[in-house]
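# Examination of the molecular architecture
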Amino acid sequence: MSEPKPPTPTPGDTYKGWLFKWTNYIKGYQRRWFVLSNGLLSYYRTQAEMGHTCRGTINLATANIAVEDSCNFVISNGGAQTYHLKASSEVERQRWITALELAKAKAVRMQAESDDSGDECPAVPPTSGQGGSCRNSEVQSTLRTLSSKVEDLNTCNDLIVKHGSALQRSLSELEGLRVGGDMGEKMRQVTERATLFRITSNAMINACRDFLSLAQSHSKRWQKALQVERDQRIRLEETLEQLAKQHNHLERAFRGATVLPPSFSNPALGNKGGGSGKGDASDEDDDNEFFDAMEDPAEFITVPADPKYHRRSGSNVSGISSETGMDDQSVNFDELSLASNPESPQPLELEPVRQRRTRIPDKPNYYLNLWSIMKNCIGKELSKIPMPVNFNEPLSMLQRLSEDLEYYELLDKAAKCQSSLEQMCYVAAFTVSSYSTTVHRTGKPFNPLLGETFELDRLNECGYRSLCEQVSHHPPAAAHHAMSEKGWTLRQEITLASKFRGKYLSIMPLGSIQCLFDKSNNHYSWKKVTTTVHNIIVGKLWIDQSGEIDVVNHKTGDRCHLKFAPYSYFSRDVPRKVTGVVTDKDGKAHYVLSGTWDEKMEFSRIMQSSKGENGTEGKQRTVYQTLKAKEIWRKNPLPEGAENMYFFSSLALTLNEPEEGVAPTDSRRRPDQRLMEDGRWDEANAEKQRIEEKQRSVRREREREAVKAASSPEEADTVETGTEANEVSDESAHPDNYQALWFEKFDDPVSGETLHIYKGGYWEAKDQGSWDMCPDIF
C-alpha cells in the first residue's frame, strides 16, 4: 500500500502514521493507525476511531525499543504490554524509530524533572529513606525561615506603634509649652524619640527587604515546580482517558473473545492478573463489539429522607397503613398482625410432621469428553440435544419449577397485607427469591417427559401444596399450580427457549406467572428474566441472571419494575444486583427495593422524589428520599456439604425423596433420575436413552392414530408427512392432539394471557389411590 511519507520528526512533534501490528496467529499482522504524542504511543483501527475508541496505549518512558529486521521492530514495557510492529519499508521503519527514541528521551527527561523540580538536595548523600524526603525537608526549612522573618516583622511593628505613640505625645506637649527654659529639655526628648522611631522603622524596612528577597529567591523555584506538577497532571489526565477507553475495549473484548484466559474463568474469584503473549490481549475481536450494560447509570438515586418524616403520629397503628406520614417501623405491621389476626390459625394438636431427608449421595467425579458431545450441538435448542446425565443434576425441570416455593413465607405475609403497595413489595421479593437457588446450580435438570408430573405436598408442614405437569414436549412447556391455606394461589406456565452459543448458554423463559390473593382479589402477573451459563467450553461454569421484570397488579394498576443488572468484570458495583421501584396506577413511586438475587432484598418507603443530576446522554435521574431500609427477604444458608450434593438447598434435597401414593407419572418414579442420584451414571445414561426412545415411539403411534382419524385425504397427506419426519427425528412440530391430564388451556380475561391452569381431580385421585387415567411413560 502506498502512504505519503511523513517528514522526519523533530523533538516534541506529534507523529502519526500506519503500521502493521501483530494480533494473533489467525489474523497475523493487521493494519493499524498509530499516534505518538506526549511520550505515549496509542493505536486505533482507523483514523476515525481517534475520537472515541483507543485500542491500546504504551508509555515510552518505561518502554524498550528493539529492531528485529529491516522492517520489523518491537516495543515492550517489561512484559505487561508488547507491540510487534512492521513498517511498509526500511526507511519508514527508521522514521518511526527516530521519532520513538526522541519521544522516549523527552519522556524520561520530563519524568526526571518531576522527580526533582530543579532544586539541589543537600550535599550530604541521602541514606536509606532520606532521598525521597529531600524536597520535603527543604520546604520545611524554608517555611521555618519565613516564619522567623514574620515574627521579626511583628516585633518591629509593635515597637513602631510604641515609639510612634511616645513621639506623638512629645509633639503634643511641645505645642503647649511656652517659650522658656523648659523648651530645650522638651526638644531633647522629641529628638530622642524621633531617633528611636527612625531606628525601629529602618529595622522594619530591613526585615521586609529580607522577607521579599527570600520570597523572590524561592519564587522561580516554586513556579518551576508548579509547572512540572501541572504538566504531570495533564499527562496523567491524558493517560487516564486512554486507560478508560482501553478498559472499555478490554471489557468488550473479554466478553467477545472466543477463548477466555484462565484468569477470567470465574468472576467470583476476582483475580485480575494475567499475562500476554506475542499478540496484545487487548487487540479487538472486530466482529463482536458491544457495550456492557453495566456502563448505564442507575435509573434513580436514594437518599435518607428528612427527619420530619420519622416523627411518630399519635397512634402508631393508625399511621401504619396510611399513605402519608408513615413511620419507618410500619413495614413490620404485617408481621405483627399475623400474631393478633383472629383469622390466623391457632396452635392445634397436629399429627407428627414427617422428617424429611437432609442428605443425598455425594456427586461422583466422572471424566467426560466434552468435545465429542459439543461438536454437533452448536446452534441447536437445548431440548433437542441428546445430553448424557453427566451434565445433569438429579432433579427434573418440574422439580426445579417447584423450588420457586422455597420462600413461600413471603406470599403468606403478602396475603396478610392491608395495603396493596406493601403487598406488591412482598410479591416482588418472592419473584427475586426464586433465583437464589440457581447461583451455584450449574447442572442441567432432566427434561420432563410429556405427561410427567410432580407433586409437592407440604400442607401439614407449610400450609401449601403444588402440582406440575409437562403439557408440551416441543417446545417444552410445564404448567404449575400451587394453592395455600393462607389465601394465595400461584400458577405459571413456563416455555423454555434455549440456545448453545459455543461460549455460553442462554435460557429464555417465555411463559407467564400469576399470583392471586383470595382476601383482596389482587391479581399479579410477571415473567422471568434470562439465565446465562458462562464458560461452557473453558473455565469454571457460572450462572448469571439479567433482564427486567414488570410485576403488575391488574386490579389496582400498581406496578413494580425490577432490574437485574448483568455481571460485569470491570464494574465496581455489587455483583448480581437487583433494584426496583413500586408505583401506583398514576406512576407515583411509593417504595424502593434493592439487594441481590443471591443473598437478600430490602425495601424502604419513599417520602419524597425529585429530579436529580443528569446522567450519560443527558438522561435525568430521579432522587428518592426514603426512610430506613428494612430487610424483606434473606436467602437460607445451604446445608452442610452442599458442594458435594449439587449445591442443593434444604428443600431441593427433599424433592426427589421417594414417597408413597404419588402418581405413576411423578418425577420421583423416573428410573434414570433415580439411578443418577444413587451415583450409577452409566446405568442412568442407558435408562435415559430407553425412556426417550419409548417416548418417541408413543408419539409416533399417537400421530398414526391421528392419520387414521383424518376426515379428508388432504388432511391425511399433511399428517403423514409429519409422521415420516418423526420416524427419522424427534424434532418435528408440536403434536397438537395431546391433551394434558390435570391442566387445561385458559384465556385469562384479567391479564389477557393464555395459559394452562389446573382443572382439578389430582388430589382426589390421590386420596382414592386411583391412577387408571395416568399413561405409562417410564
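Only a predicted model underlies this, so the values are computations on that prediction, with no experimental measurement involved. One numbering rule holds for all chains: residues counted from 1, following each sequence as written. Totals for whole chains, interfaces and linings use every residue, but because this is a predicted model, local features are given only for residues with pLDDT of at least 70 and side-chain atom pairs only at 80 or more, for both listing and counting. By convention in this description, side-chain values take in all heavy atoms of the structure and omit both hydrogens and water.

### A look at the packing of aromatic side chains
For any pair of aromatic rings, geometry is given as the distance between the ring centres together with the angle between the planes. The cut-off we apply is this: Within 6.5 Å between ring centres, the rings of Phe, Tyr and Trp (the latter by its six-membered ring) count as paired, and their orientation is classed by plane angle as stacked under 30 degrees, edge-to-face over 60, tilted in between. Whether a residue is buried, partly exposed or exposed follows from its accessible area with a 1.4 Å probe, protein chains only, as a fraction of its type maximum: under 20%, in between, or over 50%, in that order.
Inspection of every chain in the model, using the stated rule, returns 20 aromatic pairs. With a centroid separation of 5.3 Å and an interplanar angle of 75°, the aromatic rings of Trp22 and Tyr29 are classed as edge-to-face. A relative accessible area of 11% places Trp22 in the buried class. Classification of Tyr29 by relative accessible area gives partly exposed; the value is 24%. Ring centres of Tyr407 and Trp633 lie 5.5 Å apart, and the angle between their planes is 90°; on these two criteria the pair is classed as edge-to-face.

### Observations regarding the side chain of Ser42
Short version of the rule: Numbering of helices and strands runs from the N terminus; a helix is a DSSP stretch of H or I covering at least four residues, while a strand is a stretch of E covering at least two. Under the rule applied, a polar contact is a pair of N or O atoms within 3.5 Å (in protein, one hydrogen donor and one hydrogen acceptor; residues adjacent in sequence only if both atoms are side-chain atoms). Contact criterion: two residues are considered in contact whenever any of their non-hydrogen atoms come within 4.5 Å of each other.
Relative to the elements of secondary structure, Ser42 occurs in strand 3 (residues 40-44). Of the polar contacts made by the side chain of Ser42, one reaches the side chain of Thr57; its length is 3.0 Å. Discounting chain neighbours no more than four positions away, the residues touching Ser42 are Trp33, Phe34, Val35, Cys54, Gly56, Thr57 and Gln242.

### Structural notes on the pairing of strand 20 (residues 559-564)
How we decide: Paired strands are those between which DSSP finds at least two bridges.
Side chains of strand 20 alternate between two faces, with Cys560, Leu562 and Phe564 buried and Arg559, His561 and Lys563 left unburied. Bridge count between strand 19 (residues 542-553) and strand 20: six bridges; the pairing is antiparallel. The partner of Val551 across the bridge, within strand 20, is Cys560. With antiparallel pairing between neighbouring strands as the criterion, strand 19 and strand 20 make up a hairpin whose turn holds five residues, including Gly557 at a positive phi of roughly 85°. Bridge count for strand 20 against strand 21 (residues 577-583) is six bridges, and the pairing is antiparallel. Across the sheet, residue Lys563 finds its bridge partner in strand 21, namely Thr579.

### Overview of the sheet that holds strand 6 (residues 72-76)
Heads up, the condition is: Each axis is a line fitted through C-alpha atoms, taken for helices only over the stretch in contact, and angles between the N-to-C directions span 0 to 180 degrees.
Taken in spatial order, the seven strands line up as 4-3-2-1-7-6-5 in an open sheet, and their pairing is antiparallel. Each edge of the open sheet is held by one strand with a lone partner, namely strand 4 (56-59) and strand 5 (64-67). With strand direction ignored, the average angle separating the axes of adjacent strands in the sheet is 35°. In terms of strand pairing, strand 2 (residues 28-37) meets strand 3 through five bridges, oriented antiparallel. Across the sheet, Ser37 pairs through a bridge with Leu40, a residue of strand 3.

### Describing the nonpolar core
Threshold: The definition of a nonpolar core used throughout is a set of buried Ala, Val, Leu, Ile, Met, Phe, Trp, Tyr and Cys residues joined through side-chain atoms within 4.5 Å.
Counting residues in each nonpolar core, the largest one holds 66 residues, and the members touching the most others are Trp488, Leu490, Phe517, Trp526, Val551, Leu562 and Phe564. Here this core gets nine residues from one element, more than from any other, and that element is helix 8 (residues 420-433). When near neighbours in sequence (up to four residues on either side) are disregarded, Phe517 contacts Leu411, Ala414, Ala415, Gln423, Val427, Gly487, Trp488, Asn522 and Tyr524. Counting residues in hydrophobic clusters, the runner-up holds 20 residues, among them Leu60, Ile75, Tyr83 and Ala87.

### Description of the pairing of strand 12 (residues 464-472)
Note on strand geometry: in a regular strand, side chains alternate between the two faces of the sheet. Counting buried positions over the nine residues of strand 12 gives eight, a clear majority of the element. As paired strands, strand 11 (residues 453-458) and strand 12 are joined by six bridges and run antiparallel to one another. When the sheet's bridge partners are listed, Arg458 is paired in strand 12 with Tyr464. Hairpin connection from strand 11 to strand 12: five residues lie between these consecutive antiparallel strands, with Gly463 at a positive phi of about 85°. Here eight bridges tie strand 12 to strand 13 (residues 477-484), and the two strands are oriented antiparallel to one another. Paired with Ser466 across the two strands is Ala482, which belongs to strand 13. Taking the residues that link successive antiparallel strands as the turn, the strand 12-strand 13 hairpin has four residues.

### Looking at unusual backbone geometry
Not every positive phi belongs to a glycine, and Asn521 is a case in point at roughly 60°. Structurally, Asn521 can be placed in the loop between strand 16 (512-517) and strand 17 (523-526). Look at Asn521 and you get exposed, because its relative accessible area is 55%. At Tyr646, a residue that is not glycine, the phi angle is positive and equals roughly 65°. Inspection of the secondary structure puts Tyr646 in the loop between strand 25 (630-634) and helix 9 (650-655). By relative accessible area, Tyr646 is classed as buried at 7%.

### A look at the packing of helix 7 (residues 409-416) against helix 8
For clarity, the cut-off: Reported orientations rely on four angle classes, namely roughly parallel under 35 degrees, roughly antiparallel over 145, roughly perpendicular from 65 to 115, and oblique for the rest. Residues are sorted three ways: Asp, Glu, Lys and Arg are charged, Ala, Val, Leu, Ile, Met, Phe, Trp, Tyr, Cys and Pro are nonpolar, and all the rest, Gly among them, are polar.
Where helix 7 contacts helix 8, the two axes come as close as 8 Å, and the packing angle between them is 170°. Between helix 7 and helix 8, the angle is such that the two are roughly antiparallel. Contact residues: helix 7 offers Leu410, Leu411, Lys413, Ala414 and Ala415, while helix 8 offers Gln423, Tyr426, Val427, Ala429, Phe430 and Ser433. In terms of residue class, the contact of helix 7 with helix 8 is made up of eight nonpolar, two polar and one charged.

### Some thoughts on the environment of Val228
With respect to the element layout, Val228 can be found in helix 3 (residues 182-256). C-alpha separation for the pair Val228 and Gln111, spaced 117 residues apart in sequence, amounts to 9.3 Å.

### What to know about the confidence of the model for the chain
Which entries qualify depends on this criterion: Residue-level confidence of the predictor, termed pLDDT, takes values from 0 up to 100.
Of all residues in the chain, 74% attain a pLDDT of 70 or more, and the chain-wide mean is 77. When the criterion is pLDDT under 50, residues 258-277 qualifies, and its contacts beyond four places in sequence or with other chains add up to 27 contacts.

### Things to note about helix 7
Where burial is concerned, most of helix 7 is hidden: six out of the eight residues are buried. Along helix 7, the residues classified as buried are Leu410, Leu411, Asp412, Ala414, Ala415 and Lys416.

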